[in-house]
Amino acid sequence: MRIIQITDTHLSRGKAHFADNWAPLARWIAGQRPDLVIHTGDITVDGAEVDDDMVYAAGLLRDLGVRWRAVPGNHDVGDAAHSRQPVNGERLARWHLHFGADRWVEDVDQNAGSWRIVGLDAMLLDSGLPEEAAQDAWLDLVMAQAAGRPIAWFLHKPLFLNSPEEADTGYWAVKPQPRARLMALVRRYRVSLVASGHLHKAHEVVSEGTRFVWAPASSFLVGDMQPAIPGEKRLGAVLYELDGPTIAAEIVDVPGLREHWLDNVIHEVYPRPSSSVGSR
Ligand SMILES: [Fe+2]
Ligand SMILES: [Fe+2]
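Quick summary incoming for the structure in this document. Keep in mind that this is a model prediction, so the values were computed, not measured. (Residues numbered from 1 in each chain as written. Chains lettered and ligands numbered in written order. Predicted model: local features only at pLDDT ≥ 70, side-chain atom pairs only at ≥ 80, totals over all residues. Heavy atoms only, no water.)

## Notes on the coordination of the iron ion (ligand 1)
Inference 1: Within the protein, the atoms that donate to the iron ion (ligand 1) are Asp8 (OD), His10 (NE2), Asp42 (OD) and His200 (NE2), at distances of 2.1 to 2.3 Å.
Inference 2: Given 4 donor atoms and angles of 88 to 176° at the metal, the environment of the iron ion (ligand 1) is assigned as irregular.
Inference 3: For the iron ion (ligand 1), the single-chain donor residues occur in sequence as D-x1-H-x31-D-x157-H.
Inference 4: Separating the iron ion (ligand 1) from the iron ion (ligand 2) is a gap of 3.6 Å, bridged by Asp42, which donates to each. Taken as a pair, Asp8 in the loop between β1 (2–6) and α1 (22–32) and Asp42 in the loop between β2 (36–39) and α2 (51–62) lie far apart in primary sequence, 34 residues in all.
Inference 5: Its relative accessible area of 2% is what places Asp42 among the buried residues. (Donors = N, O, S within 2.8 Å, 3.2 Å for Na, K, Ca; no water. Tetrahedral: all angles 85-135°; square planar, octahedral: opposite > 155°, others 65-115°. Helix = DSSP H or I, 4+ residues; strand = E, 2+ residues; numbered from the N terminus. Buried < 20%, exposed > 50% of the residue type's maximum accessible area, 1.4 Å probe, protein only.)

What follows is the structure, encoded as structure tokens:
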């Protein structure tokens, strides 16, 4: 069973700054013949605001000709407690319309066993929305009913940057309170893999037996606007091979991707009254 994780494609018809990286990515995916593609969010440049970004990006995903699933990023549905673009029912409804469920579970059966693959909506975390409570209850059930299957999670934001016990890191990772809840589940059910995007950096760390993989974006890198956090500034994707109870993860280069830097175009792509990191 081969799964490809792609993330942070930041696609838009109107703001096509990173659009040239889609064709090489799609070509590479086709050549890999994956059983499933998982997109971990920021599919669009600004789907939280611009409906056509959602239409356009969903069309490109459908054109892959491969089975895919996705979870939302902050640029697709907004962020928790964001001053201008809060995640809300309206934005979530738009996600559902174009990309399907924002959380999902899939049991993958193969010769030597079965995996439980879980997609989570990280943008709900700490939002206080009824959808957050619903996802919490749903996840409890999904975990309790895993029935001994190895488990892999996919979500947009990493649970932490340096350590599961760290303080609030602001924009870059899940907030401490929801993180503690999720880490308790990770530990209790010995989650094998937690895969995320959002940072536009590639990184892999094993903590208490759980592998945390940060998938590289395929769109752009972030220069000095990004604080010093672990990981490597590179573009690409992640290739997973499930074989019985084991999962191999490889962060890979994708031939033909051009190194765009957000810092050079942020005034066009994400023009804001104050171009702080918090607005990306
Ligand atoms: Fe992103
Ligand atoms: Fe993001």
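Back to the write-up after that little detour.
## Some points on the pairing of strand β12 (residues 246–252)
Inference 1: Alignment of strand β11 (residues 237–243) against β12, held across 7 bridges, turns out to be antiparallel. Within the sheet, the bridge partner assigned to Leu239 lies in β12 and is Glu250.
Inference 2: Here β11 folds back onto β12 in antiparallel fashion, the turn holding 2 residues, of which Gly244 has a positive phi close to 60°. (Pairing = 2+ DSSP bridges.)

## Here we look at the sheet that holds β12
Inference 1: Pairing is mixed in the open sheet, where 5 strands are placed in the order β3-β2-β1-β11-β12. The sheet terminates laterally at β3 (68–70) and β12, the two strands that pair on one side only. Averaged over all adjacent pairs, the angle separating strand axes in this sheet is 20°, with direction ignored.
Inference 2: In this structure, β1 lies alongside β11, joined through 4 bridges in antiparallel fashion. Looking across to β11, one finds that Arg2 is bridged to Glu241. (Axes fitted to C-alpha atoms, helices over the stretch in contact; angles between N-to-C directions.)

## Brief notes about α1
Inference 1: Trp22, Pro24, Leu25, Trp28, Ile29 and Gln32 are the residues of α1 that are buried. For α1, the buried positions fall inside an angular range of 165° around the axis, keeping them on one side. Residues of α1 that are exposed and point more than 90 degrees away from the buried face comprise Arg27 and Gly31.
Inference 2: Contacts from the buried residues of α1 go to β1, β2, α2, β11 and β12.
Inference 3: Arg33 occupies a position one or two residues after α1 and carries a positive phi of about 45°. (Arc of directions from axis to C-beta. Contact = heavy atoms within 4.5 Å.)

## A short note on the side chain of His200
Inference 1: Looking at the element boundaries, His200 is found in the loop between β7 (193–196) and β8 (203–207).
Inference 2: Polar side-chain contacts of His200 include one of 3.1 Å to the side chain of Asp8.
Inference 3: Residues contacting His200, with those up to four places away along its chain left out, are Asp8, His10, Ala217, Ser219, Phe220, Leu221 and Val222. (Polar contact = N/O pair within 3.5 Å; in protein donor to acceptor, adjacent residues only side chain to side chain.)

## Some points on the packing of aromatic side chains
Inference 1: Counted under the stated rule, the structure contains 6 aromatic pairs.
Inference 2: The interplanar angle of 45° and the centroid separation of 4.6 Å between the aromatic rings of Phe18 and Phe220 together place this pair among those described as tilted. Within this pair, whereas Phe18 is found in the loop between β1 and α1, its partner Phe220 is found in strand β10 (residues 220–221), the two being separated by 202 residues in sequence.
Inference 3: For Phe18, a relative accessible area of 1% puts it in the buried group.
Inference 4: What links up through ring pairs into an aromatic cluster is the set Trp68, Trp95 and Phe99. (Phe/Tyr/Trp six-rings, centres within 6.5 Å; stacked < 30°, edge-to-face > 60°.)

In short, the description is geometric, and any link to function would need to be established separately.
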